[in-house]
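Spelled out from the first residue to the last, the chains are:
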Amino acid sequence: GTLSVSRSSRLPPTLRARARAQRLIAMTDYERVPVYKARRPGSSSEAAAWRKYTHPLIFRHKGTPTHVEFSPVAPHDFCVASSLQVDIFSSRSNAVYRTLTRFKDTVCCTAYRHDGKMLAASDERGVTQLFDLGSRAVMRTMRGHTKAVRAVRFSPDGGRLYTGSDDMLVSCWDVAAEETVRTFEGHTDVVRCLRVSGAAGEHTGAHRLVLSGSYDHTVQLWDVSAPRPVMTVRMGEPVEDCVLLAGGGMVAVASGNSISICDLLSGGKVLQSVVAHSKTVSCLHADGSGHLYSGGLDRFVKVHDLARYQVLGSLRYEAPVLGVALSPTRSHLVAALANSTICVRRQRAAAARADMPSASSEADPTARPLG
């Protein structure tokens with residue numbers, strides 16, 4: 001074989017000695033480069049909060065999920081509306097243990113009664129059914145809307161049911177009598193969301209106000225005893241969702257890719273507008289302790305600190321987010337996605353117990369339940 005001869009060995013002896021001297025000088029000038037371990041982004045408390053949640057569980061459905069909601073009663077199971085059915089998931093096993101299928105069209109929205117024993121579900125035909133979750137029997141059927149019912153809410157005592165529809169009407173129903181008590185007219189486009197005020201922490205039926213958001217760029221405030229709105233808040237784009245914040249004096253409104261915080265006690269004055277999404281904000285959820293969760297068509301769920309109007313963190317999903325809900329104990333974060341799946345993130349047991357709000361203490365503004 002042939003011998004490989006290095007380039008330096010072919011040099012004359014004088015040049016070889018000079019090259020060796022230069023290498024020795026370079027070695028004496030060598031300095032060790034310090035290496036530092038990169039810190040995780042965000043503050044330590046926020047990063048720790050993110051790490052409390054386990055890897056996501058993905059569940060595929062027959063159709064696109066249209067709504068997700070948690071039961072207000074322990075163990076806080078959650079329901080998912082999709083296609084012609086509503087699936088009830090166990091919060092302990094994350095598995096479906098009951099399915100409601102008595103629908104003739106796509107289910108649009110669901111709402112639990114305050115005791116968790118009854119579920120209202122509306123569909124594209126404009127029909128709203130009330131189910132006994134123990135027997136799965138249909139207890140009441142509300143017919144009156146001519147188009148799809150997109151929003152359903154119970155009154156705090158469960159005696160009234162409010163529905164918002166594509167026929168631009170908001171209706172109040174007497175659950176026992178199965179008939180319309182009052183119809184609220186004022187929107188000029190489809191009604192997308194509803195919220196009902198009530199006594200904080202109590203279900204005494206002492207509710208007086210109903211909030212509705214519409215594609216006519218307005219949020220309207222209704223007195224339950226009057227057919228016309230007592231206040232109209234105008235937004236720059238169609239309203240996708242709204243949520244009453246702790247105390248009931250302020251409301252967060254999702255309109256376009258922004259979230260506006262409005263003071264109802266000041267005539268609907270916009271206190272702050274937050275633009276954290278690059279596409280339309282499709283859903284909102286307030287956890288009652290100063291944090292607001294928003295889901296958008298940009299595939300992100302973001303968590304906002306309402307005290308500072310800052311984004312604490314975000315989660316990216318595989319598809320646009322159509323719905324988001326957080327369990328009352330903050331143990332589960334569920335997102336409904338446009339690719340016919342739901343994503344369930346579960347908090348570790350020890351962390352969930354530590355984050356549970358105390359009934360006798362005020363919410364800690366430094367606690368950040370991210371997920």
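Quick summary incoming for the structure in this document. Just so you know, these numbers come straight off a predicted model, no measurement behind them.

Within the secondary structure layout, Leu 169 lies in strand S12 (residues 169-174). Residue class for Leu 169 comes out partly exposed when judged on its relative accessible area of 25%. In sequence terms Leu 169 and Lys 147 are 22 residues apart; their C-alpha atoms lie 9.8 Å from each other. Ignoring any residue separated from it by four or fewer positions in sequence, one finds Leu 169 in contact with His 145, Thr 163, Gly 164, Thr 183, Phe 184, Glu 185 and Val 191.

Right, let's talk about the pairing of strand S16 (residues 218-223) for a bit. Each regular strand carries side chains that alternate between the two faces of the sheet. Taken across its 6 residues, S16 has 6 buried, putting it largely inside the fold. Here S16 shows no split at all, with Thr 218, Gln 220 and Trp 222 on one side and Val 219, Leu 221 and Asp 223 on the other all buried. Note that strand S15 (residues 209-214) and S16 share 5 bridges and pair antiparallel. Of the residues in S16, the one forming a bridge with Val 210 is Trp 222. Between S15 and S16, which pair antiparallel one after the other, the connecting turn spans 3 residues, and His 217 there sits at a positive phi close to 75°. Linking S16 back to strand S17 (residues 229-234) in an antiparallel pair, the connection comprises 5 residues.

Turning next to the pattern of salt bridges. For the coordinates displayed, the defined rule picks out 10 salt bridges. For the salt bridge of Asp 174 with Arg 160, the shortest nitrogen-to-oxygen distance reads 3.1 Å. Of this pair, Asp 174 sits in strand S12 while Arg 160 sits in strand S11 (residues 160-165); the two residues are 14 residues apart in sequence, bridging distant segments of the chain. Given the relative accessible area of 19%, Asp 174 is considered buried. Residue Arg 208 is joined to Asp 223 by a salt bridge in which the shortest nitrogen-to-oxygen separation is 3.2 Å. Residue Arg 208 is found in the loop between strand S14 (191-196) and S15, and its partner Asp 223 is found in strand S16; the two are separated by 15 residues along the sequence. Via salt bridges that share partners, Glu 124, Arg 150 and Asp 166 belong to a single interconnected network.

Cut-offs applied
As a convention, each chain's residues are numbered from 1 in the sequence order in which they are written. Only residues with pLDDT of 70 or above have their local features reported here, since the model is predicted, and side-chain atom pairs are shown and tallied only from 80 upward, although totals for entire chains, interfaces and linings are computed over all residues. The basis for every side-chain value is the complete set of heavy atoms in the structure, and neither hydrogens nor water enter the calculation. Helix and strand assignments follow DSSP, with helices taken as H or I runs no shorter than four residues and strands as E runs no shorter than two, numbered in order from the N terminus. Categorising residues by exposure relies on relative accessible area from a 1.4 Å probe, with only protein chains included: less than 20% of the type maximum marks a residue as buried, more than 50% marks it as exposed, and the intermediate range marks it as partly exposed. Contact definition: two residues touch when any of their heavy atoms are within 4.5 Å. Two strands are counted as paired when DSSP detects at least two bridges linking them. A pair is scored as a salt bridge if a Lys or Arg side-chain nitrogen falls within 4 Å of a carboxyl oxygen belonging to Asp or Glu.

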